[in-house]
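Observations on the model geometry
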Amino acid sequence: MIGGQELDPTELHVELPSGREPVLRVVPMPADANPSGDIFGGWIMSQVDIAGSIPALRLAKGRVATIAVNSFVFKQPVLIGDLVSFFADVARVGRTSITVNVEVYAQRRFEQEITVKVTEATLTYVAVGADRRPRPLAVTEK
Ligand SMILES: CC(C)(COP(=O)(O)OP(=O)(O)OC[C@H]1O[C@@H](n2cnc3c(N)ncnc32)[C@H](O)[C@@H]1OP(=O)(O)O)[C@@H](O)C(=O)NCCC(=O)NCCS
């Protein structure tokens, strides 16, 4: 609702990124909602952390730890029953760290085929060894 007028949901529609597979897809349930009935931001943050870790784990070929959430923007609410897709791309590779961009889209109102970009985030993971200390990556800067 903006200025007393209901937003036309079709105005928010975007296409899913073409030619790319999401690293994660999930449907939030009523137990994931906040007291207002939309999906709790902390639930979205945890899913984004999992999604971002997938290319980081693949690149690190082993254990990683999240060291920083560099940025996080909730652009639109996620609703119960949305099909939520997480796209994650490595943005930077350092000596021990991997920075990943995560984009999140919600497909809602299946009968109208509306897809909304709901979240953008950037997170940094560190490759760690069995001692939980940083471990140099066997890859060069991207
Ligand atoms: C991850 C951890 C092992 C790193 O150890 P550390 O001694 O702090 O790490 P360093 O200072 O050597 O930095 C490691 C890398 O992280 C990067 N880094 C450090 N702080 C950062 C920050 N705030 N943002 C982005 N990158 C950061 C460094 O630049 C370095 O990258 P590089 O090797 O590619 O140049 C340690 O911080 C830790 O255990 N943190 C808790 C992890 C955790 O529990 N995560 C889940 C929380 S919910």
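To be clear, the structure that these remarks concern was listed above.
Everything in this summary refers to the structure shown in the same document. (Residues numbered from 1 in each chain as written. Predicted model: local features only at pLDDT ≥ 70, side-chain atom pairs only at ≥ 80, totals over all residues.)

**Some remarks on the environment of R135**
Checked against the element boundaries, R135 lands in the segment after β5 (114–127). Take R135: there are 18 C-beta atoms within 10 Å of it, and that puts it in the partly exposed class. Residues R135 and V26 lie 109 residues apart in sequence; the distance between their C-alpha atoms is 31 Å. Residues within four places of R135 in sequence aside, it is in contact with T96, A127, V128 and G129. (Helix = DSSP H or I, 4+ residues; strand = E, 2+ residues; numbered from the N terminus. Buried ≥ 20, exposed ≤ 12 C-beta atoms within 10 Å, placed from the backbone. Contact = placed C-beta atoms within 7 Å.)

**Some words on unusual backbone geometry**
A negative phi angle is the norm for most residues apart from glycine, just as the trans form is the norm for most peptide bonds. If you check the backbone angles, K61 has positive phi at about 50° while not being a glycine. Mapped onto the secondary structure, K61 falls in the loop between α1 (41–60) and β2 (64–74). Phi angles above zero are rare outside glycine, and R132 is one such case at about 65°. With respect to the element layout, R132 can be found in the segment after β5.

**Here's the deal with the environment of M29**
In this structure, M29 sits in the loop between β1 (24–26) and α1. The exposure class assigned to M29 is exposed, which follows from the 11 C-beta atoms found within 10 Å. For M29 and E120, which are 91 residues apart along the polypeptide, the C-alpha to C-alpha distance reads 21 Å.

**What about the nonpolar core?**
Ranked by internal contacts, the top residues of the largest apolar core, which has 25 residues, are V48, V100, V102, V104 and Y125. Counting residues per element, the ones that place at least two in this core are α1, β3 (83–93), β4 (97–108) and β5. Among the elements that make up this core, the one with the highest residue count is β5 (seven residues). Excluding residues that lie within four positions of it along the chain, Y125 makes contacts with G52, S53, A56, V64, A65, T66, I67, S97, I98 and V100. (Core = buried A, V, L, I, M, F, W, Y, C linked by C-beta atoms within 7 Å.)

**Things to note about the sheet that holds β4**
Read from one edge to the other, the open sheet built from five strands follows the order β1-β3-β4-β5-β2, with strand pairing classed as antiparallel. Across the chains shown, the open sheet's two edge strands, defined by having one partner strand only, are β1 and β2. Each strand axis lies, on average, 25° off the axis of its neighbour in the sheet, ignoring direction. Across the sheet, α1 lies against β1, β2, β3, β4 and β5, angled at about 45° from β3, the strand it touches most. (Pairing = 2+ DSSP bridges. Axes fitted to C-alpha atoms, helices over the stretch in contact; angles between N-to-C directions.)

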